[in-house]
Amino acid sequence: MEAVKEHIQAKGEQAQLDLFQSTQKIIKEAVGYLGYSDGMYELLKEPIRMLTVRIPIRMDNGKTKVFTGYRAQHNDAVGPTKGGVRFHPEVNETEVKALSMWMSLKAGIVDLPYGGGKGGIICDPRVMSLGEIERLSRGYVRAISQIVGPTKDIPAPDVFTNAQIMAWMMDEYSHIREFDSPGFITGKPLVLGGSHGRETATAKGVTICIEEAARKTGLELKDARIIIQGFGNAGSFLAKFLKEKGARIVGISDAHGALYNVGGLDIDYLLERRDRFGSVTNLFHNRISNKELLEKECDILVPAAIANQLTADNAANIQASIIVEAANGPTTWEATEILSKRGILIIPDVLASAGGVTVSYFEWVQNNQGFYWTKEEVTDRMRDVLITSMNKVFATAEKHQVNMRLASYIVGIRKTAEAAHFRGWA
Ligand code: GLU
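Residues numbered from 1 in each chain as written. Predicted model: local features only at pLDDT ≥ 70, side-chain atom pairs only at ≥ 80, totals over all residues. Heavy atoms only, no water.

Visitor: Explain the site of the ligand to me, using residue names and the numbers behind them.
Guide: Neighbouring residues of the ligand: 14 residues in total, closest Lys82, Lys106, Pro157, Asp158 and Ser360. The separation between an oxygen atom of the ligand and a polar side-chain atom of Lys82 is 2.8 Å. Note that a nitrogen atom of the ligand is positioned 2.7 Å from one of the side-chain N or O atoms of Asp158. Against a free-state accessible area of 300 Å², the protein chains account for coverage of 95% of the ligand. Mapped by element, the contributors of at least two residues to the shell around the ligand are helix H3 (93-109) and helix H12 (355-369). Counting residues per element, the shell around the ligand draws most heavily on H12, at three residues. Here the residues of the shell around the ligand sort into four nonpolar, five polar and five charged. (Near = heavy atom within 4 Å. Polar contact = N/O pair within 3.5 Å; in protein donor to acceptor, adjacent residues only side chain to side chain. Areas by Shrake-Rupley, 256 points an atom, 1.4 Å probe, with all protein chains shown as cover. Helix = DSSP H or I, 4+ residues; strand = E, 2+ residues; numbered from the N terminus. Nonpolar A, V, L, I, M, F, W, Y, C, P; charged D, E, K, R; others polar.)

If you want it as structure tokens, here you go:
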């Protein structure tokens, strides 16, 4: 059993390393298109700072358990770094580094005054009590407090972290600094300085990208067949929003399996039954695997779960005509090339999932000015930002005759490269 576990872990880490290395490769190409030197690539190919911490936590059974956590800061030439913290058993250093680089790209694409950052703790919150999760969240903040702050590096939610965890982290940071610091973290509950629309922001952003992609390719969203892989924060709200637009959600999945029905799934029923970690398929018999779901017939496929889902192994079998990536890193570079050659339109993660960090930025701005916006203001501004960004990426793909992922990297890395250049770093 242990050997099997180790084998799976090693395979996962290899896949993360492949993703990290292909991220470096695409950054290198993007920097070349922008006309910067090799020195610029040397600067941008790795995070400038990477902290590993060990956090001792008193568990409910009275014993101490030591957790490992990370915080990566890709580049702070533009401004403070920004990005979520994930709690997951498979978190590893390479993954956190790649995620921090993707955050720089996201911030660049939607034109925010940030560089990219990311954090993670190796843990499984699904089997921990609330008290244990609170102590771990506070312990993590104490461990990384020297390198984070409202003008240094601003954390946010990510996989298996939520507004309650952000509240504990903000409270801990405020105690350490001895003043109220809402701008230390985003994704907070409304009463603690959170922003309207933050919880649904990633899904709203993906919805906007889907509408625009459908419009550009002449696909009618009403009755379009959509598969969503993942039923967490992004996947579940997305299913709801797309259903409201008249689309037919034919497939969804969670960590245990997937459901597919060509006539459309009863999304309201499934939303009611999912638990807070997005599990629902184990309530049903005859379910299919995640792998099978991805290859089923549909118009739009939305990977909204974890990395490395569309690879050279299954790219030839994907039946969708549009892929919109709500998760971080769901498609490998090899798969991107195969899918693009097949004429499938890909709206890459660094663009499609940028709604979350966009509203996080709005939250931080509201915290800094102490003046709060209405829900409509947040939604309208986010829509403008995403549509402008999407047009920029389409225009870049057209101009350089490159696929949408490389085009996103060219748009995304430009701001960091320019800022680093002005500062005299490269
Ligand atoms: N974790 C989210 C992401 O990957 C949000 C980051 C943020 O809001 O800073 O984009």
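Visitor: Can you lay out the packing of helix H6 (residues 201-217) against helix H13 (residues 375-400) for me, pointing to particular residues and giving the numbers?
Guide: Look at H6 against H13: their axes get within 10 Å of each other, and the N-to-C directions meet at 45°. Regarding the angle of H6 to H13, the classification is oblique. With respect to the hand of their crossing, H6 and H13 are arranged in right-handed fashion. Together, Ala201, Lys204, Gly205, Ile208, Cys209, Glu211, Glu212, Ala213 and Lys216 of H6 and Thr379, Met382, Arg383, Leu386, Ile387, Met390, Asn391 and Phe394 of H13 make up the contact between the two elements. For the contact of H6 with H13, the per-class residue count stands at nine nonpolar, three polar and five charged. (Axes fitted to C-alpha atoms, helices over the stretch in contact; angles between N-to-C directions. Parallel < 35°, antiparallel > 145°, perpendicular 65-115°, else oblique. Left-handed = near helix turned anticlockwise from the far one by under 90°. Contact = heavy atoms within 4.5 Å.)

Visitor: Tell me about helix H5 (residues 163-177), and please be specific about residues and values.
Guide: Its 15 residues give H5 an end-to-end C-alpha distance of 21 Å, which sits within 8% of 21 Å, the value for a rise of 1.5 Å per residue. Along H5, the positions that sit buried rather than exposed are Ile165, Met166, Ala167, Trp168, Met169, Met170, Glu172, Tyr173 and Ser174. Where H5 ends, the next residue or the one after it, Glu178, has phi of about 65°, a positive value. (Expected span 1.5 Å × (residues − 1). Buried < 20%, exposed > 50% of the residue type's maximum accessible area, 1.4 Å probe, protein only.)

Visitor: An account of the nonpolar core is needed here, citing residue identities and associated values.
Guide: Counting 68 residues, the largest nonpolar core has Ile210, Ile226, Ile228, Ile252, Val302, Val324 and Ile347 as the members making the most contacts within it. The element contributing the most residues to this core is helix H14 (residues 404-422), with ten residues. Apart from the residues within four sequence positions on either side, Ile252 is in contact with Ile228, Phe231, Ala258, Leu259, Leu265, Ile267, Leu270, Val280 and Leu293. In this structure, Ile55, Met166, Trp168 and Ile185 belong to the second largest nonpolar core, which totals 25 residues. (Core = buried A, V, L, I, M, F, W, Y, C linked by side-chain atoms within 4.5 Å.)

Visitor: Provide a residue-level description of H12, including the pertinent values.
Guide: Under the 1.5 Å per step criterion, the end-to-end length of H12 is 21 Å for 15 residues, consistent within 8% with the ideal 21 Å. Gly370, located one to two residues past H12, shows a positive phi value of around 65°.

Visitor: Give a detailed account of the pairing of strand S7 (residues 225-229), specifying residues and quantitative values.
Guide: Counting buried positions along S7 gives five out of five residues, so the element sits mostly inside the fold. Residues Arg225, Ile227 and Gln229 point to one face of S7 and Ile226 and Ile228 to the other, with burial holding for every one of them. Of the pairings in the sheet, the one linking S7 to strand S8 (residues 248-253) comprises four bridges and is parallel in character. Paired with Arg225 across the strands is Arg248, a residue of S8. Regarding the hand of the β-α-β motif, the stretch spanning S7, helix H7 (residues 233-244) and S8 is right-handed. (Pairing = 2+ DSSP bridges. Right-handed = clockwise from strand over helix to strand, strands pointing away.)

Visitor: Run through the packing of H3 against H14, naming residues and quoting values.
Guide: Where H3 contacts H14, the axes come no closer than 7 Å and their chain directions differ by 90°. Between H3 and H14, the angle is such that the two are roughly perpendicular. Here Trp102, Ser104, Leu105, Gly108 and Ile109 of H3 come into contact with H14, specifically with Ser408, Tyr409, Val411, Gly412, Ile413 and Thr416. Counted by class, the contact of H3 with H14 contains six nonpolar, five polar and no charged residues.

Visitor: Summarise the environment of Leu301; cite the residues concerned and give the values.
Guide: On the secondary structure map, Leu301 appears in strand S10 (residues 300-303). On the basis of relative accessibility, which here comes to 0%, the residue Leu301 falls in the buried class. A sequence separation of 151 residues divides Leu301 from Pro150, and the C-alpha atoms of the two residues are 37 Å apart. Beyond its immediate chain neighbours, meaning those up to four positions away, Leu301 contacts Ile227, Leu294, Leu310, Ile318, Ala320, Ile322, Ile323 and Val324.

Visitor: Break down the sheet that holds strand S12 (residues 345-347) for me, citing the residues and quoting the values.
Guide: Strand order across the open sheet formed by six strands is S9-S8-S7-S10-S11-S12, with mixed pairing between neighbours. The open sheet terminates on both sides in strands that have one partner only, identified here as strand S9 (258-260) and S12. Recorded for the sheet is a direction-independent mean angle of 15° between the axes of neighbouring strands. This element, H6, spans S10, strand S11 (322-324) and S12 of the sheet and lies at about 160° to S11.

Visitor: I'd like to hear about the packing of aromatic side chains, residue by residue, with values.
Guide: Applying the stated criterion to the full structure yields nine aromatic pairs. Geometrically, the ring pair formed by Phe362 and Trp373 is tilted, given 5.1 Å between the ring centres and 45° between the ring planes. Remark: Trp373 occurs in the loop between H12 and H13 and Phe362 occurs in helix H12; sequence separation between them is eleven residues. On the basis of relative accessible area, Phe362 is assigned to the buried category, the value being 6%. Judged by its relative accessible area of 9%, Trp373 falls in the buried class. Cluster of aromatic residues (ring-pair linked, three or more members): Tyr114, Tyr361, Phe362, Trp364 and Trp373. One residue, Lys216, lies across the ring of Phe394, its end atom 4.6 Å from the ring centre. (Phe/Tyr/Trp six-rings, centres within 6.5 Å; stacked < 30°, edge-to-face > 60°. Lys NZ or Arg CZ within 6 Å of the ring centre and 35° of its normal.)

The values are spatial; any link to function lies outside them.
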